[in-house]
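Chain by chain, the residues run as shown.
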Amino acid sequence: MTVPTLQLNTGHPIPQLGFGVFLVDPAETERIVSDALELGYRHIDAAAIYRNEEGVGRAIAASGIPRNELFITTKLWNDDQGTQSAHDAIELSLEKLGLEQVDLYLIHWPTPKRDLYVESFKALEQIRASGKAASIGVSNFLVEHLERLEAETDTVPAVNQIELHPYHQRPAEKAYGHDHGILTEAWGPLGQGKYPLFELPEITAVAAAHERSAAQVVLRWHIQQGHIVFPKSNNRARMQENFELFDFELTDVEQASITALERGARVGADPREVN
Ligand code: NAD
């Protein structure tokens, strides 16, 4: 199965489907990421705070997959915001990942009360110029944070990685991204299992019509919405299921019935409150 790529505003391609490693046990990470790579995933969404970059790195090294066939993201944690600490943090992440460059480096949360995200993004600009990250972006940024970056820095983030699923669709952040060339990455694409999405008739009816699982329908909805997704599972059968999204297509009516589920319901924290 070939995963389509989207083009970042740096010109680099990003596979639209990847594998996320939030809450993957560090002791299990090498095995689980090796499974993902074996199943065909080539895009891994990591973060320093997940404390499993070493396992991701070991799986990459053991896979023998050429570096240019992989797309690796990691993220600057909140406590490391600031110029020097951001430079130190990317060094440490690269060392743990066993890489000379990540494909994408993100500010994990804006942490507005710290008021360091503009300075940190300028450090990411330097990190990109040094070749340690091919593209840079942000995560959990609201429009007000994106507007400040636009006013005070020289680089448009390549992506904004935000909580996004049928119950929380983020029209304001998506519209800003669309207008400025920022791709939207959807974290918690399945709502982290905290809502009964897989039992909703709007989703189960579509799943039955396509002889697919409810999870595949929700992920396919994301793909057709143009989102980048990296669902997480420790279970190889589910990892495989989540990879099989490109041999069926939802109709416009089916897409619309899932889009109509919006209710502004977060599973994660309010980005203004994470500091
Ligand atoms: P998710 O919506 O992918 O949900 C994961 C949950 O869904 C797990 O409990 C898993 O067991 C279950 N699941 C996965 N596949 C399934 C299937 N086919 N059928 C039934 N259940 C299934 O949520 P997530 O892991 O939080 O998000 C995905 C990735 O996004 C993370 O791994 C991480 O890389 C990233 N993320 C980023 C942030 C951020 O702040 N930037 C926050 C959370 C997650």
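Structure's up top.
What counts as what
Residues numbered from 1 in each chain as written. Predicted model: local features only at pLDDT ≥ 70, side-chain atom pairs only at ≥ 80, totals over all residues. Heavy atoms only, no water. Near = heavy atom within 4 Å. Polar contact = N/O pair within 3.5 Å; in protein donor to acceptor, adjacent residues only side chain to side chain. Areas by Shrake-Rupley, 256 points an atom, 1.4 Å probe, with all protein chains shown as cover. Helix = DSSP H or I, 4+ residues; strand = E, 2+ residues; numbered from the N terminus. Contact = heavy atoms within 4.5 Å. Phe/Tyr/Trp six-rings, centres within 6.5 Å; stacked < 30°, edge-to-face > 60°. Buried < 20%, exposed > 50% of the residue type's maximum accessible area, 1.4 Å probe, protein only. Lys NZ or Arg CZ within 6 Å of the ring centre and 35° of its normal. Arc of directions from axis to C-beta. Core = buried A, V, L, I, M, F, W, Y, C linked by side-chain atoms within 4.5 Å. Axes fitted to C-alpha atoms, helices over the stretch in contact; angles between N-to-C directions. Parallel < 35°, antiparallel > 145°, perpendicular 65-115°, else oblique. Nonpolar A, V, L, I, M, F, W, Y, C, P; charged D, E, K, R; others polar.

S.K.: Would you mind showing me how to read the site of the ligand here?
M.R.: The full set close to the ligand counts 25 residues, and Asp-45, Ser-139, Leu-190, Gln-192 and Asn-242 are the nearest of them. Between the ligand and the protein, one listed contact pairs a nitrogen atom with a side-chain N or O atom of Ser-139 at 2.8 Å. Arg-238 is positioned such that a nitrogen or oxygen atom in its side chain is 3.5 Å from a nitrogen atom of the ligand. Contact with the protein chains removes 88% of the 830 Å² of surface that the ligand exposes when unbound.

S.K.: Can you walk me through the side chain of Gln-161 in this structure?
M.R.: Positionally, Gln-161 belongs in strand β8 (residues 159–163). A polar contact of 3.0 Å, which involves the side chain of Gln-161, links it to the side chain of Asp-45. Other than its neighbours up to four places away in sequence, Gln-161 contacts Asp-45, Lys-75, Leu-106, Val-138, Ser-139, Asn-140, Glu-185, Trp-187 and Phe-230.

S.K.: Explain the packing of aromatic side chains to me, please; I cannot follow it from the model alone.
M.R.: How two aromatic rings sit relative to each other is given by the distance of their centres and the angle of their planes. On inspection of all chains with the given rule, the structure shows six aromatic pairs. Both rings, one in Phe-22 and one in Tyr-50, keep their centres 5.2 Å apart while their planes meet at 45 degrees; by these two values the pair is tilted. Placement of the pair is Phe-22 in the loop between β3 (19–20) and α1 (26–39) and Tyr-50 in the loop between β4 (43–45) and α2 (53–63), with a sequence separation of 28 residues. Its relative accessible area of 39% is what places Phe-22 among the partly exposed residues. Taking the centre distance of 5.3 Å and the plane angle of 75 degrees together, the rings of Tyr-117 and Phe-141 count as edge-to-face. Residue Tyr-117 is found in helix α4 (residues 117–129), and its partner Phe-141 is found in the loop between β7 (133–139) and α5 (143–152); the two are separated by 24 residues along the sequence. Neither residue differs from the other here; Tyr-117 and Phe-141 are each classed as buried. Through pairs of rings, three or more aromatic residues link up here, namely Phe-19, Tyr-41 and Phe-243. The ring of Tyr-117 has Arg-148 lying over it, and the distance from NZ or CZ to the ring centre is 5.3 Å.

S.K.: How do you make sense of helix α6 (residues 171–180) when you look at a structure like this?
M.R.: Helical periodicity: at 3.6 residues per turn, an α-helix aligns residues three or four positions apart in one direction. What α6 keeps buried is the set Glu-173, Tyr-176 and Gly-177. Burial along α6 is one-sided: seen end-on, the buried residues are contained in an arc of 100 degrees. Away from its buried face, by an angle of more than 90 degrees, α6 presents the exposed residues Pro-171, His-178 and Asp-179. Looking at the buried residues of α6, the elements they touch are α5 and β8. Following α6 by one or two positions, Gly-181 has its phi on the positive side, about 75 degrees.

S.K.: How should the nonpolar core be read in this particular structure?
M.R.: Ranked by size, the top nonpolar core spans 72 residues in total, and within it Phe-19, Val-21, Tyr-41, Ile-44, Tyr-105, Leu-124 and Ile-203 carry the most contacts. For Phe-19, the contacting residues outside a window of four places in its chain are Ile-32, Ala-36, Tyr-41, His-43, Ile-44, Asp-45, Phe-230, Pro-231, Lys-232, Ser-233 and Met-239. Grouped together as the second largest cluster of nonpolar side chains are 14 residues, Leu-8, Leu-104, Phe-230 and Val-274 included.

S.K.: Looking at this structure, how should I read the packing of helix α7 (residues 201–210) against helix α8 (residues 214–225)?
M.R.: When two helices pack together, their arrangement is given by the angle between their axes and by how far apart the axes lie. Packing of α7 against α8 leaves a shortest axis separation of 8 Å and a crossing angle of 100 degrees. The orientation of α7 relative to α8 falls into the category roughly perpendicular. Packed against α7, whose contacting residues are Ile-203, Val-206 and Ala-207, the element α8 presents Ala-214, Val-217 and Val-218 at the interface. Residues belonging to the contact of α7 with α8 are distributed by class as follows: six nonpolar, no polar and no charged.

Note that all results are geometric; they support no functional claim without further evidence.
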